4 protein chains.
Amino acid sequence: MAQPDTARLLIACDDQPGIVAAVAGLLAAHGANIISLDQHSTDAEGGRFFQRTVFHREGLAAHRPALEADLAGIAERFGMQWSLHDASKRKRVAIFVSKYDHCLMELLWRTQRGQLDIDVTMVISNHPDLAEAVRSFGVPFVHIPAGDKAEMERRQLELLQGNVDLVVLARYMQILTDAFIEALDAPVINIHHSFLPAFIGANPYARAKERGVKLIGATAHYATADLDEGPIIEQDVTRVTHSESAAELQSRGADVERLVLARAVQWHAEDRVIVHGRSTVIL
Amino acid sequence: MAQPDTARLLIACDDQPGIVAAVAGLLAAHGANIISLDQHSTDAEGGRFFQRTVFHREGLAAHRPALEADLAGIAERFGMQWSLHDASKRKRVAIFVSKYDHCLMELLWRTQRGQLDIDVTMVISNHPDLAEAVRSFGVPFVHIPAGDKAEMERRQLELLQGNVDLVVLARYMQILTDAFIEALDAPVINIHHSFLPAFIGANPYARAKERGVKLIGATAHYATADLDEGPIIEQDVTRVTHSESAAELQSRGADVERLVLARAVQWHAEDRVIVHGRSTVIL
Amino acid sequence: MAQPDTARLLIACDDQPGIVAAVAGLLAAHGANIISLDQHSTDAEGGRFFQRTVFHREGLAAHRPALEADLAGIAERFGMQWSLHDASKRKRVAIFVSKYDHCLMELLWRTQRGQLDIDVTMVISNHPDLAEAVRSFGVPFVHIPAGDKAEMERRQLELLQGNVDLVVLARYMQILTDAFIEALDAPVINIHHSFLPAFIGANPYARAKERGVKLIGATAHYATADLDEGPIIEQDVTRVTHSESAAELQSRGADVERLVLARAVQWHAEDRVIVHGRSTVIL
Amino acid sequence: MAQPDTARLLIACDDQPGIVAAVAGLLAAHGANIISLDQHSTDAEGGRFFQRTVFHREGLAAHRPALEADLAGIAERFGMQWSLHDASKRKRVAIFVSKYDHCLMELLWRTQRGQLDIDVTMVISNHPDLAEAVRSFGVPFVHIPAGDKAEMERRQLELLQGNVDLVVLARYMQILTDAFIEALDAPVINIHHSFLPAFIGANPYARAKERGVKLIGATAHYATADLDEGPIIEQDVTRVTHSESAAELQSRGADVERLVLARAVQWHAEDRVIVHGRSTVIL
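Quick notes on the rules
Residues numbered from 1 in each chain as written. Chains lettered and ligands numbered in written order. Predicted model: local features only at pLDDT ≥ 70, side-chain atom pairs only at ≥ 80, totals over all residues. Heavy atoms only, no water. Domains from an automatic or database assignment. Contact = heavy atoms within 4.5 Å. Buried area = accessible area lost by both parts, 1.4 Å probe. Salt bridge = Lys/Arg side-chain N within 4 Å of Asp/Glu carboxyl O. Phe/Tyr/Trp six-rings, centres within 6.5 Å; stacked < 30°, edge-to-face > 60°. Helix = DSSP H or I, 4+ residues; strand = E, 2+ residues; numbered from the N terminus. Buried < 20%, exposed > 50% of the residue type's maximum accessible area, 1.4 Å probe, protein only. Lys NZ or Arg CZ within 6 Å of the ring centre and 35° of its normal. Polar contact = N/O pair within 3.5 Å; in protein donor to acceptor, adjacent residues only side chain to side chain. Nonpolar A, V, L, I, M, F, W, Y, C, P; charged D, E, K, R; others polar. UniProt positions renumbered as here; feature names shortened; annotations may be inferred. Least-squares fit on C-alpha atoms with pLDDT ≥ 70 in both. Expected span 1.5 Å × (residues − 1). Pairing = 2+ DSSP bridges. Right-handed = clockwise from strand over helix to strand, strands pointing away. Axes fitted to C-alpha atoms, helices over the stretch in contact; angles between N-to-C directions. Parallel < 35°, antiparallel > 145°, perpendicular 65-115°, else oblique. Left-handed = near helix turned anticlockwise from the far one by under 90°.

### Some points on the domain arrangement of chain A
All names here are of chain A. Here chain A is partitioned into domain 1 (6-86) and domain 2 (91-282). Placing the centre of domain 1 and that of domain 2 at their C-alpha centroids yields a distance of 31 Å. On the domain 2 side, the residues contacting the 10 residues of domain 1 number nine residues. Interface area, domain 1 with domain 2, both sides summed: about 800 Å², of which 61% is carbon and sulfur. Its largest share of buried area at the contact with domain 2, domain 1 owes to Arg-8, Phe-50 and Arg-52, together 56% of the area lost on that side. Linking domain 1 to domain 2 there are one salt bridge.

### Notes on the packing of aromatic side chains
Going through the model one piece at a time under the given rule, you end up with 10 aromatic pairs over all chains. Ring geometry for Phe-195 of chain A and Phe-195 of chain B: centres 5.2 Å apart, planes at 85°, overall edge-to-face. Of this pair, Phe-195 of chain A sits in the loop between β9 (188-192) and α7 (204-211) while Phe-195 of chain B sits in the loop between β9 (188-192) and α7 (204-211), on two different chains. In this pair, the class of Phe-195 of chain A matches that of Phe-195 of chain B, namely buried. Put simply, the rings of Phe-96, Tyr-172 and Phe-180 of chain A pair up and form one aromatic cluster. Arg-113 of chain C extends its terminal NZ or CZ atom over the ring of Trp-109 of chain C, reaching a point 5.1 Å from the ring centre.

### Description of the interface of chain C and chain D
By a widely used convention, the size of an interface equals the accessible area lost when the partners come together. Listed per partner, the contact involves 34 residues of chain C and 33 residues of chain D. Summing both sides of the interface, chain C and chain D together bury roughly 2800 Å²; the carbon and sulfur share of this comes to 55%. The three residues of chain C that bury the most area against chain D are Arg-211, Lys-214 and His-242 of chain C, which together make up 26% of that side's buried surface. Inspection of the region where chain C meets chain D yields eight salt bridges. The interface formed by chain C and chain D holds 17 residue pairs in polar contact (both at pLDDT 80 or more) in total. Going through the elements one at a time, α7 (204-211), β11 (232-239) and β13 (279-282) of chain C are the ones with two or more residues in the side of chain C that touches chain D. Broken down by element, the side of chain C that touches chain D gets its largest block of residues, seven residues, from β11 of chain C. Counted by class, the side of chain C that touches chain D contains 14 nonpolar, nine polar and 11 charged residues.

### Considerations on the UniProt feature "active site" (unreviewed entry) in chain A
This chain's UniProt record puts "active site" (unreviewed entry) on Asp-228 of chain A. Under the relative-accessibility criterion, Asp-228 of chain A is labelled buried at 10%. Setting aside residues no more than four positions away along its own chain, Asp-228 of chain A makes contact with His-192, Leu-196, Ile-200, Gly-201 and His-221 of chain A together with Arg-211 of chain B.

### As for the relation of the copies chain C and chain A
Its rotation angle being 180°, the transformation that places chain C on chain A also includes 0.0 Å of axial translation and leaves an RMSD of 0.0 Å. Between the two chains, the operation in question is that of a two-fold axis. Interface residue correspondence from chain C to chain A reaches 100%, placing this contact among same-surface, isologous pairings.

### So, helix α3 (residues 102-113) of chain B
All names here are of chain B. Taking 1.5 Å per residue as the helical rise, α3 with its 12 residues ought to reach 16 Å, and the 16 Å between its terminal C-alpha atoms agrees with that figure. Of all 12 residues that make up α3, 10 are buried, and the element is covered over most of its length. Those residues of α3 not exposed but buried are His-102, Cys-103, Leu-104, Met-105, Glu-106, Leu-107, Leu-108, Trp-109, Arg-110 and Thr-111. Downstream of α3 by one or two residues, Gly-114 has phi in the positive range, about 80°.

### A word on the interface of chain C and chain A
At the interface, 16 residues of chain C touch 16 residues of chain A. Carbon and sulfur atoms supply 55% of the area buried between chain C and chain A, which totals about 1100 Å² over both sides. Interface area lost by chain C to chain A is led by Asn-33, Leu-37 and Gln-39 of chain C, which between them contribute 35%. Counting across the interface, chain C meets chain A through zero salt bridges. Summed over the shared surface of chain C and chain A, the result is four residue pairs in polar contact (both at pLDDT 80 or more). Within the residue set of the side of chain C that touches chain A, elements represented by two or more residues are α1 (19-29) and β2 (33-41) of chain C.

### Here we look at the relation of the copies chain C and chain D
The pair of chain copies shares a relation made of a rotation about an axis and a shift along it. For these two chains of identical sequence, chain C goes onto chain D by a turn of 180° and a shift of 0.0 Å along the axis, with RMSD 0.0 Å. Here 97% of the contact residues of chain C are again contact residues in chain D; the copies associate through an equivalent surface.

### Things to note about the environment of Val-256 of chain B
All names here are of chain B. Note on placement: Val-256 falls in helix α8 (residues 246-269). Along the sequence, Val-256 and Ile-34 sit 222 residues apart, while their C-alpha atoms lie 35 Å from each other. Once residues within four sequence positions are removed from consideration, Val-256 is found in contact with Gly-217, Ala-218, Asp-236, Val-237 and Thr-238.

### Here we look at the pairing of strand β6 (residues 118-125) of chain D
Residue and element names in this part refer to chain D. Across the eight residues that make up β6, a large majority, six, are buried. Two elements, strand β5 (residues 91-97) and β6, share seven bridges in a ladder whose sense is parallel. Note that in β6 the partner of Val-93 across the bridge is Val-120. In this fold, β5 hands off to helix α3 (residues 102-113), which returns the chain to β6; that crossover is right-handed. The sheet contact formed by β6 and strand β7 (residues 141-143) spans three bridges and is parallel. The residue bridging Ile-124 from the neighbouring strand is Val-142, located in β7.

### Details of the packing of α3 of chain D against helix α8 (residues 246-269) of chain D
All names here are of chain D. Running from N to C, α3 and α8 point in directions that differ by 45°, and their axes come no closer than 9 Å. With respect to their mutual orientation, α3 and α8 come out oblique. For the crossing formed where α3 meets α8, the hand is right-handed. From α3, His-102, Cys-103, Glu-106, Leu-107 and Arg-110 reach across to α8, where they touch Ala-254, Glu-257, Arg-258, Leu-259, Leu-261, Ala-262 and Val-265.

### Concerning the side chain of Thr-280 of chain B
Residue position: Thr-280 of chain B is located in strand β13 (residues 279-282). Separated by 3.0 Å, the side chains of Thr-280 of chain B and Lys-214 of chain A make a polar contact. There is a polar contact of 2.7 Å between the side chain of Thr-280 of chain B and the backbone oxygen of Ile-232 of chain B. Residues in contact with Thr-280 of chain B, not counting those within four places in the same chain, are Lys-214 and His-242 of chain A together with Tyr-222, Pro-231, Ile-232, Ile-233, Val-273, Ile-274 and Val-275 of chain B.

Rendered as structure tokens:
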């Protein structure tokens, strides 16, 4: 899936006339061919503008400095935030896991099959249980037991800093501190086992059973200090009935969790997700 | 859809051996032919047992007292709650509405087409706006404006008591008092415009937009004193994206609301719904 | 929903570098602000390129000739097919119907509520049954009974030519001749009551029951000479079980039909649909 | 999930009064407690009756002959087909596979996790590729290359006869002969990579792309001589757009295939599926 000489440009700025033309014109002037362009404007007065542009440019690596210099000029003019991503390089991903293996295995398995455009460079767990399963995929497994929180996170950061572009919490049952998230300096995607904002917090399946809901779901979101409140990337649900026990809801829900998390990670890997306040724009 | 000489028997009791055999045997002894039988046992130790049995018995009306006498005997033995419903008689339904017409129109239209097995005997509204639309279906429309709450509910009860088997709140924007629900002595079904328990309370679509959810939904439930906490009968969702405004979510959600409410009312009309604590069993 | 001084530009051509930039640059030069831009390239070598651009230009009507002249220049250069649609004018729609009313009523009702951005200028039927229902919406109903096919279509064309931008077959049970479709010179959208290409032809619900499928569906497509083979605009399905009779499948399917048709008509009304061979691109 | 002293009784016969009572009475007389009972009557005159009854009976193994003798009596009286399944014994399953691994891995993985109530006793493939992946689950892998068809099937039957209760074709790309299916004397479940009866035969994803459908699906069915015509057990679909290539449809479809096949195998494992002509009843 790696695409040579191809890049993805993400921009966000206040909505104003001429943005699409300016960016498309600059790319044309630099000999780049636009493969796809998606944009979104929030409809309110004084709204925000978001755009994802994928383009091909022969000899991109050598030409990139010149292109970035001109992009910086446009960005200044329009007050843009922007980032340019090399589509020929897969993102380096660390997966955090505890004992539930279904989300982890889905990610490893899709990556191995070439269905998920990432490199899983390590799996970190507070339990030793899944070491063998992970290593059978040729992926390093590091056991960092829970205990002194500060020490635990210090060891995690040592492994992660500079080595990963994304951390995925695949049903990791430990809370990350604000300090950790800040020090990490890479996005973190978490899977929550409910259709947020329903059943925020612990034991969502038991509470779904108790409340008698007719659908159960899962939510993949960027992790922020306030764990279940981060920007939602993807959600889905499945229909259940009174005849299913809380344990069966959990088993049914596991299938939703792994598909929702896989979609969210793939969209992030393709640079499709832009955070906008508490929500996301998927381009 | 009215089925002559056909009845539906609902029972609920503590789970124990021999219930199915006892009921089936009694019905056979009374010359009744079981058309369908659905049962459900909660899986916990000391669980509850629920059963819905539809049967046909030639000359049911004349024979009913004898059958009920024997059923009372079995009910005593097993500690059963039970109710016997004549499938040849449609339930009489009053619909409460304010200004949004989509749920009301769906119910009227399905009833007219023979897709909803109820008789709509009156529509009560705190606004005069929908009078003509309702009367074009040949259904009486009564305008009881908001104002003194006690007086308003007194007039409503005057119309309802003894005249209806079910009240449906089809986006009725007034809160019913506990006293009203108690005095009414008929079940009340409400449609809430969110996937409960997400977005309990007012303005769910605006809050769904603000939270950036990827699915919006609707919930039909029995109304209880605590409005959004009643037993859920049916729920559904539809997928939305960042590109839809709160107004568009509302419009998309309206389609979910009317289908969810129509299904819930139809299941109630067919005596398929048994309340179990805060949840429901749909048989 | 009518948007003053706003237009939608649809283009299709062979994929080649510089199209987005050329169009965006031309619009900027004409003082137009791009509200949204969606494009799609088929991935094959020598693929096709499709783009929908919505833009706002103060005083559009007066300025349109100058804009179109320049667009024609670009179109010549890139070998483009293009069309420019005034977003301030709703499309004029004729609905054809026979006896089933559910699709017709859904369209009339949504239009009345402002959820469907069309003007229904007439309903034509080969049966008189629905005259009153249609006229209650203030829409003319014309009864043209089946009989001599050529005479029937001559009368229909007399009403339609020059008066409509779209014809919708809302479960119209007569076959249109090729000659009619050609003479009409306006697109025709049909709703088929199955998930095409399953159950092409007559009686899909009975055949779905006989085949024991677990989902039933509906398909909205542009009508072509080969009736069930036209480009598909939208499809959806709903889950069914063994316990539902063919009549119940038909009733369940009717709900899918009306939502699928409403979505397809709305997308067409918003100039979102471009035909590409036997399929469609929805932008 | 194995349930000691528990059995599942499946019956099918012409619809007639008294069946439920007779079976429930017999079980009660034998000291069995009904855990669940589901029945279905086809609604046509002279219809068929189907029932699945799960019951618990202390010391079932020793008591089974006496119970079966009395069941045979009832079966004679009502003209019933019946089968009694020991819920404490998992079915022995052989999986046939070629090169696509996604359906195979899903079954192995769910079985290992205790989410699928079967014993996978062997995997047979016409390619050697998946040997290691299969054996890592502790499951024997047998490579029987394609070549002389009669010889190939002779070797397969040698392995299977008497050793398996079910064969699952998990994207097995060879056609089974009628003679093989007859000699096997065990049911065969196949997964077809389309929403049957759409795209019967080869290359469904390419044809779905060509036809421009908006949903793609998968179908699990019992294999019969006429491969894509066997009774359907389960189907599902997922939404796709014009922007997805045939290869992406195949990847998206693979996720539907594995969930649909897993559900179908689980339902069969729980003795929930009764074949009725070309369709199935799921109880």
